[in-house]
Amino acid sequence: MKENFKGSSMSWGKWGEIFLVLAGFVAIYIWIVDHAGGPLFKDELLYMKAALFPGKYAFIINRYFHIYMMMPFFKMAGGALQGVKVFWGFVVCLTVVLVYVNARLLSRSVPVGLLAVVLFASQSLIFFYPGVVWTDYTVMLLSAIALLIYLLLPLSARYRKLMLIGLGMLFYFLYRTKETGFPLLILLVGLGFLSGEKFDWKSALYSAVWVFAGGAAGIVLMMLADQAVLGDALFAWRLETIRENLRFNITSQVDKNFAFNYYQIFADRLDVFTVGLFYLVSFFTVGKTQSNFIKVVWLFPLATIVFLVLTLLRGPGVIVDRYLIPILPYYCVLAAQNFRLEEEYSKKKYLAAVGVVISALALVYVSRILVVRVSLRYGIDKWDEVSYFSAFVYPIVFSVWVGLLLFFRRQNVLVWAISLSVVLMMSYPPLLTNWERLTTRWAAENSMRRFYPLAVYQNQISYSSDMKMFVSNSLPQYDPSKPDYGMLDGDAANVSTLFSLFFGQMSSPEQFIRGEPEAYVDQYDQVDYAFLTPEDWRYLPPEVSARIEGMYDVQTDPQGVVVFVRRK
């Protein structure tokens, strides 16, 4: 097996490359944390609350590794809202490093490793909601770590047992993160090819014993964590816990009127379509020449999609594109393998190839200026950069690449340069979108909008166990047609979670009332605080507003969208 990676461990291990990778990780991490957002969706709020205020939530026992991972980041950042940025940045940046290292190990090529990172950076499923701590990101990271361990297995017989134990631990951690980690078990098939091209049952069973030992070690570690955090080492193993979890995941209600094919996501998202296409082609251009041990890696994305489809047997349910996040590092690592050169060429040819790439990118950049800027000058405002590249450049360069693939069976340095230019141009629109998403801090602004009333009046709110707060249903709410997230949106339980995360105080849903202005009129004297809108305030009968002003301080925020009522 070692010949499949000939020269890879020593060349990759050069101190200069290691230093640059680590320096890149630190630099990207610092920048991305500064530009990350925060919580936007209901399920992540639950995980954040469980990390900040640990408790026994039986219906999400297979989310607790993700929850425990967040806890040290929350403590380090001094709170949940900043902690999610630090956590999300760590998970994504470490995955970037792993994408580079895994692609580098497979190809023995620095450019291929860098291209895999570029493809990963173009994925909107990763960067569209920066700072949102979905469990899918943690599954993605663990899956990328598992790939690294898998690729290193043939390189060191001395440490193989330890690596197999580590792989088994990861499998269990994946189970305690999200069920979408199960398809990674397909890698166990490759253990039968560790000793040669013919499947060896004896070798496979021997390796599986150490993997199961690692799984047992993972169980023990999670039991210790459950004991330390929850005070119950057997929490995840109690029958009532397991029944509640199964009831939630299997028999919970689904929308029977909403169903479509997971593969449609590839057609709807050019960034996923691009890496998915190159991943598929890479098997026929590169994968077929690899050992059976390496070929197994190509099966993981397919196994994931089959698993996701099987989970719909309980009903059509909702197809969620973010469930594909764990396979994206594999897509990018394998897609980049299309662009490795198996032959050595002269420096002159390499320089010429680089010149072709630079010239092609420069040509497209100039065409952007001519089409977009000149058309704007003459009053044609139909094009922007993203739409121009997506609608005009992408189909042309994609057709060029297909033509090269059909015409040239053997890739020379010129074909390689043209193909590389093509994939870079195909990746440009989503790269630009992701860059703008981060630099404009879109997610951060919309996340803080949810907490806006609390943020404006945080110095005037004192939490106590008997505190009561009224929140009007009329506060600006989430509108799916706009990049706009509602202020203190959701039911009383969700408002309680938002309050708890913002102030770092464990509140209960019973302390919050959601309702219309009419409901506030009936119970205004029973609450300590209230958030209304100016329209709500004007709706109140004059005698009621007069009594309120006698008992409460009434203020309007600087934006004029929230009226804050506080007991004197």
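Quick note: structure is the one above.
Residues numbered from 1 in each chain as written. Predicted model: local features only at pLDDT ≥ 70, side-chain atom pairs only at ≥ 80, totals over all residues. Heavy atoms only, no water.

With that out of the way, let us pick up the overall build of the protein chain. Secondary structure assignment for the protein chain yields 25 helices and five strands. Within the protein chain, the proportion of its 568 residues that are buried is 52%. The long-range share in the protein chain, meaning contacts at least 24 apart out of those at least 6 apart in sequence, stands at 76%. When the accessible surface of the protein chain is totalled, it reaches about 26200 Å², and 64% of it is carbon and sulfur. (Helix = DSSP H or I, 4+ residues; strand = E, 2+ residues; numbered from the N terminus. Buried < 20%, exposed > 50% of the residue type's maximum accessible area, 1.4 Å probe, protein only. Contact = heavy atoms within 4.5 Å. Areas by Shrake-Rupley, 256 points an atom, 1.4 Å probe, with all protein chains shown as cover.)

Another aspect to go through is the nonpolar core. Counting 159 residues, the largest nonpolar core has Y64, I126, M469 and F531 as the members making the most contacts within it. The element contributing the most residues to this core is helix α5 (residues 80-107), with 18 residues. Setting aside chain neighbours within four positions, we find I126 in contact with W88, V92, F120, Y137, M140, I325 and L328. Within the second largest apolar cluster, 14 residues are counted, among which are L540, Y552, V563 and V565. (Core = buried A, V, L, I, M, F, W, Y, C linked by side-chain atoms within 4.5 Å.)

Turning to the environment of A80, a few remarks are in order. When you line up the elements, A80 lands in helix α5. Note on A80: relative accessible area 2%, which makes it buried. As a C-alpha pair, A80 and M48 span 32 residues in sequence and 6.9 Å in three-dimensional space. Discounting chain neighbours no more than four positions away, the residues touching A80 are M48, L52, F74 and L501.

Our focus in this paragraph is the sheet that holds strand β5 (residues 563-567). Taken together, the five strands give an open sheet; going across it, the order is β2-β1-β3-β5-β4, and neighbouring strands pair in mixed fashion. Where the open sheet ends on each side, the last strands, each with one partner, are β2 (512-515) and β4 (552-556). Each adjacent strand pair in this sheet contributes to an overall mean axis angle of 15 degrees, direction not counted. Bridge count between strand β1 (residues 469-472) and strand β3 (residues 529-532): three bridges; the pairing is parallel. Within β3, the position partnered with M469 by the bridge is Y529. (Pairing = 2+ DSSP bridges. Axes fitted to C-alpha atoms, helices over the stretch in contact; angles between N-to-C directions.)

With that settled, consider the environment of A353. Within the fold, A353 resides in helix α17 (residues 347-377). Classification of A353 as buried rests on a relative accessible area of 3%. Between the C-alpha atom of A353 and that of I418, which follows or precedes it by 65 residues, the distance is 8.1 Å.

This next bit is on the packing of helix α8 (residues 135-152) against helix α9 (residues 160-175). Axis separation between α8 and α9 bottoms out at 10 Å; the angle between their running directions is 160 degrees. For the element pair α8 / α9, the angle class is roughly antiparallel. Judged by the sense of rotation from one axis to the other, the crossing of α8 with α9 is left-handed. Here V139, L142, S143, I145, A146, I149 and L152 of α8 lie close against α9, whose contacting residues are M163, G166, L167, L170, F173 and L174. Within the contact of α8 with α9, the residues separate by chemical class into 11 nonpolar, two polar and no charged. (Parallel < 35°, antiparallel > 145°, perpendicular 65-115°, else oblique. Left-handed = near helix turned anticlockwise from the far one by under 90°. Nonpolar A, V, L, I, M, F, W, Y, C, P; charged D, E, K, R; others polar.)

Moving on: the pattern of salt bridges. Opposite charge on two side chains permits pairing when their charged atoms draw close. Tallying each qualifying case throughout the model produces 15 salt bridges. Here R538 ties to E535 by a salt bridge, and the two come within 3.4 Å at their closest N and O atoms. Within this pair, R538 and its partner E535 are both found in helix α24 (residues 534-539), separated by three residues, close to a single helical turn. With relative accessibility at 60%, the residue R538 sits in the exposed group. (Salt bridge = Lys/Arg side-chain N within 4 Å of Asp/Glu carboxyl O.)

The subject of this paragraph is unusual backbone geometry. A positive phi angle, close to 55 degrees, is found at R441, a residue other than glycine. Here R441 lies in the loop between α19 (413-439) and α20 (442-450). Positive phi is not limited to glycine here, since L488 has a value of about 45 degrees. Checked against the element boundaries, L488 lands in the loop between β1 and α22 (492-503).

The next subject is the side chain of Q123. On the secondary structure map, Q123 appears in the loop between α6 (110-121) and α7 (124-127). Each residue touching Q123, except ones within four places of it in the same chain, is listed here: D271, V272, V275, L328, C332 and N434.

The next subject is the pairing of β1. Burial along β1 is two-sided: the face carrying M469 and V471 and the face carrying F470 and S472 are both buried. Pairing geometry for β1 and β2, over four bridges, is parallel. In the strand pairing of β2, S472 is matched with G515.

It is the contact of helix α18 (residues 385-407) with α19, at a shortest axis distance of 9 Å, that shows an interaxial angle of 155 degrees. Classified by the angle between their axes, α18 and α19 sit roughly antiparallel to one another. In terms of crossing hand, the pair formed by α18 and α19 is left-handed. Every residue of α19 that contacts α18 at E385, V386, F389, S390, V393, Y394, V397, F398, V400, W401 and L404 is listed here: V415, I418, S419, V422, M425, M426, Y428, P429, L432 and T433. Residues of the contact of α18 with α19, tallied by class, amount to 17 nonpolar, three polar and one charged.

Before going further, it helps to examine the side chain of S203. Tracing the backbone through its elements, the reader meets S203 in helix α10 (residues 201-230). Under the relative-accessibility criterion, S203 is labelled buried at 17%. When neighbours within four sequence positions are excluded, S203 is seen to be in contact with L191, L194 and S195.

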